[in-house]
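Each chain, written out:
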Protein chains: 2
Amino acid sequence: MTIRGEMLIGATALRGAETEFHAIDPATGAALEPGFGGGGAAEVERACALAWEAFDLYRETGLEARAVFLETIAANILAIGDELIVRAMAESGLPRPRLEGERGRTVGQLRLFARTVREGSWLEARIDPAQPTRAPLPRADLRQRHIALGPVAVFGASNFPLAFSVAGGDTASALAAGCPVVVKAHSAHPGTSELIGRAVQAAVASCGLPEGVFSLLFGSGSRIGAALVADPRVKAVGFTGSRRGGVSLTQVAAARAEPIPVYAEMSSINPVILLSAALAARAEALGAGFVGSLTMGAGQFCTNPGLVLALDGPDLERFLTAAAETLGGAAPSTMLTPGIHAAYVEGVARIAANPAVEVLARGQQTVGPHQCRPGLFTSSAEAFLSDPALHEEIFGAASLVIRCPDVAALRAVLERLEGQLTATLHMDAADADAVRALLPVLERKAGRILANGWPTGVEVCDAMVHGGPFPATSDSRTTSVGTLAIRRFLRPVCYQDIPDSLLPEALRDGNPLGLWRRVDGVLAAAGGVGG
Amino acid sequence: MTIRGEMLIGATALRGAETEFHAIDPATGAALEPGFGGGGAAEVERACALAWEAFDLYRETGLEARAVFLETIAANILAIGDELIVRAMAESGLPRPRLEGERGRTVGQLRLFARTVREGSWLEARIDPAQPTRAPLPRADLRQRHIALGPVAVFGASNFPLAFSVAGGDTASALAAGCPVVVKAHSAHPGTSELIGRAVQAAVASCGLPEGVFSLLFGSGSRIGAALVADPRVKAVGFTGSRRGGVSLTQVAAARAEPIPVYAEMSSINPVILLSAALAARAEALGAGFVGSLTMGAGQFCTNPGLVLALDGPDLERFLTAAAETLGGAAPSTMLTPGIHAAYVEGVARIAANPAVEVLARGQQTVGPHQCRPGLFTSSAEAFLSDPALHEEIFGAASLVIRCPDVAALRAVLERLEGQLTATLHMDAADADAVRALLPVLERKAGRILANGWPTGVEVCDAMVHGGPFPATSDSRTTSVGTLAIRRFLRPVCYQDIPDSLLPEALRDGNPLGLWRRVDGVLAAAGGVGG
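Now for a look at the structure at hand. What you see is a predicted model, and the numbers here were worked out from it, not measured in a lab.

You'll often see interface size given as the accessible area lost when the parts meet. Counting residues at the interface gives 71 residues for chain B, matched by 71 residues for chain A. Summing the contributions of chain B and of chain A, the shared interface buries around 6000 Å²; its carbon and sulfur component is 53%. When the buried area of chain B at its contact with chain A is split by residue, Glu-443, Arg-477 and Leu-502 of chain B rank highest and sum to 12% of it. Where chain B meets chain A, there are 14 salt bridges. Between Arg-134 of chain B and Glu-459 of chain A there is a salt bridge, with its nearest N and O atoms 2.6 Å apart.

This is the structure:
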């Protein structure tokens, strides 16, 4: 495959006429060829028109056909071969093993959604049969299924150029739900985006689907992105990125004549809580493990542990000594973009200059452009409670350890936190009472609560929640990773007394799709009650 | 029980110090005793503080205890006896049989949510067991359940003083989900609200729940209502009422530091589509049936059929003749409030004055204050497509019949409609092709699609959807009637490697609650896989 610098609009490829831009290799600062032409209003219009045209047909594709489509995208991504990895390395500064792993995750995610589509419980079929003789009034025949919301605009993230980008979780779950997708590519990895986009485009064609099921646009977020979210044919938005970016899209969506849901995954500092017995038992191991999680991928994860809350005392000193030592030996690593690097440097300088903060350790000196030099800082619960600046996310390998005099102070700090993607407890059996006191707070604050692990690393499975209260996301009722993510793009419709032959298959007598259905209040598999 | 004009804040009752107001009997225009004191910022603060205090405890009440609480509310409502019906009649102008029926529905709804709580599938327990030997990386033990969002603000509707008010569907589903509720009572039926509020308050006490689980406030929407929605401790809003009111609360919620979901059920004209074969077979019966639905309860239903789309021709004339005759004999009936009556009169005058509209029939002259004199109007598809004023809801018994030259024109009119709660088809077997052409549009436009019935009458059951795209509601992903309504007040939380004894019961090994759970991808009942 060759990267041509072109947008993909339905079945066509074309070069945008707006300002040309290049991907930058963050390891060298050099511009990568080819240049990409940014799109404008005409391309947004065309992509949305095609998506709208495709919608009614695509949302009613059979479960098997839709699953095969997702699997074809996965196969096409693998078929790109090493060109994809090489280009993604150049555009992101991420190392080969990481990107190979991310490709596996992306492909696995598409296949998991294919399995989810086939299984069909996401349709949530419910049937309340007619009760013609009920007094005082008969009951009509009522049947409910979920249908796709409409075309979805997806904004890829810089930090996962494969798994949270063009064919990442938002796209996979929206396509699984039956929604056409228009992607606004992240300008940091346009070549990777084009390669993946062509893989999706080819799958649309070979599966015989309407071309508007997928489009890929380049251009500025404030121009292309805002126009996309404002388009009346777009019915939902998936976004992973900064708080500023997510909030701004949410505002565009709220200002529409018809407001639409925005699923923005934004900002989280992912508190890690070290309890007494765990600290006493393994302070050194925890210190080393923590720094491993903190510095992985230059700390450029939504779930990076940016805050540690620990009970003060000699065991915490052991932890800090071990963490400082490990961090002090940590090699610098290239960050994703010059902009992310600049924001990191600025954030670290700001926290280091805070009079209530002590710089505990820095990683090794940088040796190239745009490198992250990890930083570890400490402060007190009192300072943290009184200074909101200490609550802000620094995207990259930087973390703040808060010394808490007791569990009550620790709980007070947690209560003051904004919403989080994750909260992590390090605990032993003797910490159970402290955990019981903290769990209600953590449940209110975070989408995922972990014990004795590290938050970086998000399993793609049924039980995962990658979400949480604002500003972790703009909508705490959902997740952007795992099979429940499909629900973001669905709405229920009820059919009353519609003749069987006109009903969608999911709701017909005899259960032709073999679905789990709730019939007269009782959940049953195909062949069961009402089967 | 005696109505005292008092607000209920947790376990206390107190009289508001702001402007006093009285309920008005719309049948006479007379003020009803006692006067009610409106609340202010202090009462909002106190109710929210108590709700927040109650939240962690209430959301973890056992399923059985929570179900018994809902059933106790139902029993307490019945125990009020005839005083409730008499007061609601005086405050709403609605007749006794209607209010007795509505009481039955309200109580039935509480009991249905009690059954739903006990059954427990709304927790959506999912378990992905650990895979310690998986390569390249082991999988952690991941478990997901849904938990309550937080305190919910509920705004009752004027047109269902029992079923969509203080202990109506929003309150019942929020309490079922584990959310404390603060109700802003509708000023049209404060006495009814106080009676029901005391029934809930007594249930909170007798069930030993924290007092903050329920509060009831009086006062102006722009003062009390906006303050309630802006309070940081309120995490979701349920509202049934006007488009203006709903949109305004949505804007308050979107402007918060932490935006929250607003479930506003607002505006719908509920198109009824008459297809050729059905019209030919039973035009007269359809005409009479339509007017019955249109004039029931003075047309004051969210699902009132305010728009009829029919294929033009002699059969439509038969329908119109029958409808005009039935409507001409329709007696006037008292509307809910002087304000609703004034808006109705103004809306009917406006549509009658539209040069593209013909007045087909009016009901009998009014004989008392605030009475609805039904109106039936006709216009053309062309006029409807070019004049957005014809799309506006007139709350009350008024409907507009649009003559369509063919199914394509009918489809074009449907495509132009805003979102709807319902869409109704009258069809025979020979209309199947037309229905197939229209269904995709109806699915996109409405929450419920009916064949050969009338939209007024909303069954409370599992399969019901009382929802739909904007402006029918502010959030098409949900329903405000039926058991799925509980989902509005829930969010998922994932537990990773949390020791079994610290997990919520719903997720523990051995399935102590006997729930349906999805274990390793497979849905299974208690005793099944992973049971």
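From this point, things continue past the structure.
All names here are of chain A. Here Glu-33 and Pro-34 are connected by a cis peptide whose omega angle stands at -5°. Structurally, Pro-34 can be placed in strand S4 (residues 30-38). Each neighbour pair has its own omega, and for Phe-470 with Pro-471 the value is 5°, a cis peptide bond. Summarising the element assignment, Pro-471 is placed in the loop between strand S20 (446-451) and strand S21 (490-496). A positive phi angle, close to 50°, is found at Asn-511, a residue other than glycine. Judged by relative accessible area, which is 5%, Asn-511 ranks as buried.

To continue, consider the relation of the copies chain B and chain A. Mapping chain B onto chain A calls for a rotation angle of 180° and an axial translation of 0.0 Å; the resulting RMSD is 0.0 Å. On the angle and the small slide along the axis, the relation comes out as a two-fold axis. In terms of C-alpha distance to the rotation axis, chain B has Ala-254 of chain B as its closest residue, with the C-alpha 3.7 Å off the axis. Comparing contact sets, 100% of the residues at the interface of chain B also lie at the interface in chain A, consistent with an isologous, same-surface contact.

Strands sit in the order S15(A)-S17(A)-S18(A)-S13(A)-S12(A)-S19(A)-S20(A)-S23(B)-S8(B)-S7(B)-S24(B)-S25(B) across an open sheet of twelve strands; the sheet is mixed. The sheet terminates laterally at strand S15 (358-362) of chain A together with strand S25 (522-524) of chain B, the two strands that pair on one side only. Ignoring strand direction, the axes of neighbouring strands in this sheet form an average angle of 20°. Looking at chain direction, strand S8 (residues 142-148) of chain B and strand S23 (residues 490-496) of chain B are connected through seven bridges and run antiparallel. Following the sheet pairing, Arg-143 of chain B is matched in S23 of chain B by Tyr-495 of chain B. Sheet strands touched by helix H9 (residues 276-295) of chain A: strand S12 (271-274), strand S13 (307-311), strand S17 (375-380), strand S18 (398-404) and strand S19 (420-426) of chain A. Its angle to S13 of chain A, the strand with the most contacts, is close to 165°.

Let us now look at the pairing of S23 of chain B. Buried residues dominate S23 of chain B, accounting for seven of its seven residues. Burial along S23 of chain B is two-sided: the residues Leu-490, Pro-492, Cys-494 and Gln-496 of chain B and Arg-491, Val-493 and Tyr-495 of chain B are all buried. Sheet topology note: the S20 of chain A/S23 of chain B ladder contains three bridges and is parallel. Opposite Ile-449 of chain A, over in S23 of chain B, you have Tyr-495 of chain B as the bridge partner.

Thresholds, definitions, all that
- Residues numbered from 1 in each chain as written.
- Chains lettered and ligands numbered in written order.
- Predicted model: local features only at pLDDT ≥ 70, side-chain atom pairs only at ≥ 80, totals over all residues.
- Heavy atoms only, no water.
- Contact = heavy atoms within 4.5 Å.
- Buried area = accessible area lost by both parts, 1.4 Å probe.
- Salt bridge = Lys/Arg side-chain N within 4 Å of Asp/Glu carboxyl O.
- Helix = DSSP H or I, 4+ residues; strand = E, 2+ residues; numbered from the N terminus.
- Buried < 20%, exposed > 50% of the residue type's maximum accessible area, 1.4 Å probe, protein only.
- Least-squares fit on C-alpha atoms with pLDDT ≥ 70 in both.
- Pairing = 2+ DSSP bridges.
- Axes fitted to C-alpha atoms, helices over the stretch in contact; angles between N-to-C directions.

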